[in-house]
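Structural overview for review
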Amino acid sequence: MSMRTLPLLFLNLGGEMLYILDQRLRAQNIPGDKARRVLHDIILTMFNKNFIEELFKPQELYSKKALRTIYDRLAHASIMRLNQASMDKLYDLMTMALKYQVLLCPRPKDVLLVTFNHLDAIKGFIQDNPALVHLVDETFRQLFEVYGGLSAGEFQLIRQTLLTFFQDLHIRVSIFLKDKVQNSNGRFVLPVSGPVPWGTEVPGLIRMFNNKGEEVKRVEFQHGGDYVTAPKEGSFELYGDRVLKLGTNMYSVNRPVETHTSGASKNLASQTQQNIAPNPLAKEELNFLAKLMGGMEIKKPSGSEPGFRLNLFTTDEEEEQAALTRPEELAHEVVNIQATQDQQRNQELARIMGEFEVTDQPRWSASKGDDLLAMMDEL
């Protein structure tokens, strides 16, 4: 497992979250100034200097529950609120989109280009805010510093760590199904066409060499695909043509996005979560949450401005139905932490949680606006 995977995982998932929220804010006709504030507040929290510093420290990936908690907090860093069903759908879309992108990376190093595509798009959301653009550019700088000199083998280990994190997640997404890049069982279809990885040749030729390294024979074969040579390498600079389209905004065309949990994979995913996920009460898990969330600065809504609820579904009825039919084994349970286990650590977590509290409750119907922040109220 690579100790350098967490920043790439977080930034790419965060980029996908912003794509989805931007699409839903427009679909629900949220006023432009309010929608802009939501995205800006989330980006401000996401690229907070202290948070990014903690993120880039070499560390192992922790359980999906721990990362999910971070994104729950991040999604509620502004006046917008999501209820449980919408947050579930948001996270499902985020994870499946990134899994697809990592699977289709032509070469392991291109995971970095996927990250740059996300950051380029994020800068597009905040181009009228120089202070936020500066924060994102600082993250670019750290990416260059940390990943610029890594070998192909180290990038391969990063890619394998990401794929291990996503394995056994087979959630069907309507966009992928319609584009025929995902099968009905939730598994992705690997293409047999298009450009080959930069620096490689189109398959179809076998070269044989003698013990002196001299080519002595060539054999051609039918590869069954429709491959072409890559026109150029994507830019790994602050600005430039990334060439690779993975990681760009697939919601820029306004179309509905649905998720459907694949029945064949539900039990498998549940077993995997139980078998490989670390105990959420373990010391390392608490340290991880305390450090990362301690670096987050949550901007509290002002009392004079009402909040609003964002629905990831087409209608409220669909959202309510999704909450009722959500498989029990896929529900994200509350993490209970006993104060008697470690008083000092729990005092620190209690302090951090206190900073996240929203003192002024946004005004909406309680039946329609269940607040996900209750997820960690028992900390």
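As the structure is a computational prediction, the values presented were derived from the model and not from experiment.

1. Things to note about the overall build of the chain
Looking only at helices and strands, the chain features 13 helices and 8 strands. Restricting the contact set of the chain to residue pairs at least 6 apart, pairs at least 24 apart contribute 80%. Surface summary for the chain: the accessible area is close to 18,300 Å², and the carbon and sulfur share equals 50%.

2. Side note on the pairing of strand β4 (residues 205-209)
Pairing geometry for β4 and strand β5 (residues 215-220), over 5 bridges, is antiparallel. Following the sheet pairing, Ile206 is matched in β5 by Val219. What sits between the antiparallel neighbours β4 and β5 is a turn of 5 residues, in which Gly213 has the positive phi angle 85 degrees.

3. Observations concerning the confidence of the model for the chain
Within the chain, residue pLDDT values average 79, and 71% of them lie at 70 or more. The model gives residues 261-282 a pLDDT under 50, and that stretch makes 32 contacts with residues more than four places away or in other chains. In this model residues 356-379 is a low-confidence stretch, pLDDT under 50, and it forms 60 contacts with partners more than four residues away in sequence or in other chains.

4. Here we look at the environment of Arg141
Its place among the elements puts Arg141 in helix α7 (residues 130-147). Arg141 sits 97 residues away from Leu238 along the chain, and the two C-alpha atoms are 8.1 Å apart. A distance of 3.2 Å separates polar atoms of two side chains, one belonging to Arg141 and the other to Glu138.

5. What to know about the pattern of salt bridges
Inspection of the entire model under this criterion finds 15 salt bridges. With a closest N to O distance of 3.2 Å, Glu54 and Lys57 form a salt bridge. Ionic contacts of the salt-bridge type, sharing partners, join the residues Glu201, Arg207, Glu215 and Arg218 into one network.

6. Details of the packing of aromatic side chains
Two aromatic rings are characterised by how far apart their centres lie and by the angle between their planes. The final tally for this structure, using the stated rule, is 11 aromatic pairs. Between Tyr100 and Phe188, the aromatic rings sit 5.1 Å apart at their centres with planes inclined by 50 degrees, giving tilted as the arrangement. In this pair, Tyr100 sits in helix α5 (residues 84-104) while Phe188 sits in the loop between α9 (174-178) and β3 (193-195), placing the two residues 88 residues apart along the sequence. Classification of Tyr100 by relative accessible area gives buried; the value is 15%.

7. Some remarks on a nonpolar patch on the surface
On the surface, Ile206, Met208, Val216, Val219 and Phe221 cluster together to form a nonpolar patch covering roughly 390 Å² of accessible area. For the nonpolar patch, the secondary structure elements donating two or more residues are β4 and β5. Secondary-structure assignment places Val219 in strand β5.

8. A few points about the packing of helix α6 (residues 110-125) against α7
Direction vectors running N to C along α6 and α7 enclose 170 degrees, while the axes themselves pass 10 Å from each other. Taken together, the axis directions place α6 and α7 in an arrangement best described as roughly antiparallel. Where α6 approaches α7, its residues Leu112, Thr115, Phe116, Leu119, Asp120, Ile122 and Lys123 are matched on the opposing element by Val133, Val136, Asp137, Thr139, Phe140, Leu143, Phe144 and Tyr147. The residue makeup of the contact of α6 with α7, split by class, is 10 nonpolar, 2 polar and 3 charged.

9. Focus: α7
In this model, α7 (18 residues) spans 25 Å end to end at C-alpha, consistent with the 26 Å of a helix rising 1.5 Å per residue. When we look at burial in α7, the residues that qualify are Leu132, Val133, Val136, Asp137, Thr139, Phe140, Gln142, Leu143 and Tyr147. The elements touched by buried residues of α7 are α1 (6-27), α2 (32-46), α3 (49-55), α6 and α8 (152-166).

10. With respect to the packing of α5 against α8
Each pair of packed helices gets described by two things: the angle between the helix axes and the distance between those axes. Contact geometry of α5 with α8 gives a least axis separation of 10 Å together with a crossing angle of 140 degrees. In this view, α5 runs oblique relative to α8, as classed from their interaxial angle. In this structure, the crossing between α5 and α8 has a hand that is left-handed. Across the interface between the two elements, Tyr91, Thr95, Leu98, Lys99, Val102 and Leu103 from α5 touch Arg159, Leu162, Leu163, Phe165 and Phe166 from α8. Residues that form the contact of α5 with α8 fall into these classes: 8 nonpolar, 1 polar and 2 charged.

Analysis parameters
Residues numbered from 1 in each chain as written. Predicted model: local features only at pLDDT ≥ 70, side-chain atom pairs only at ≥ 80, totals over all residues. Heavy atoms only, no water. Helix = DSSP H or I, 4+ residues; strand = E, 2+ residues; numbered from the N terminus. Contact = heavy atoms within 4.5 Å. Areas by Shrake-Rupley, 256 points an atom, 1.4 Å probe, with all protein chains shown as cover. Pairing = 2+ DSSP bridges. pLDDT = per-residue confidence, 0-100. Polar contact = N/O pair within 3.5 Å; in protein donor to acceptor, adjacent residues only side chain to side chain. Salt bridge = Lys/Arg side-chain N within 4 Å of Asp/Glu carboxyl O. Phe/Tyr/Trp six-rings, centres within 6.5 Å; stacked < 30°, edge-to-face > 60°. Buried < 20%, exposed > 50% of the residue type's maximum accessible area, 1.4 Å probe, protein only. Patch = residues over 30% accessible without salt bridge, like charges linked within 9 Å, V, L, I, M, F, W, Y side chains within 5 Å. Axes fitted to C-alpha atoms, helices over the stretch in contact; angles between N-to-C directions. Parallel < 35°, antiparallel > 145°, perpendicular 65-115°, else oblique. Nonpolar A, V, L, I, M, F, W, Y, C, P; charged D, E, K, R; others polar. Expected span 1.5 Å × (residues − 1). Left-handed = near helix turned anticlockwise from the far one by under 90°.

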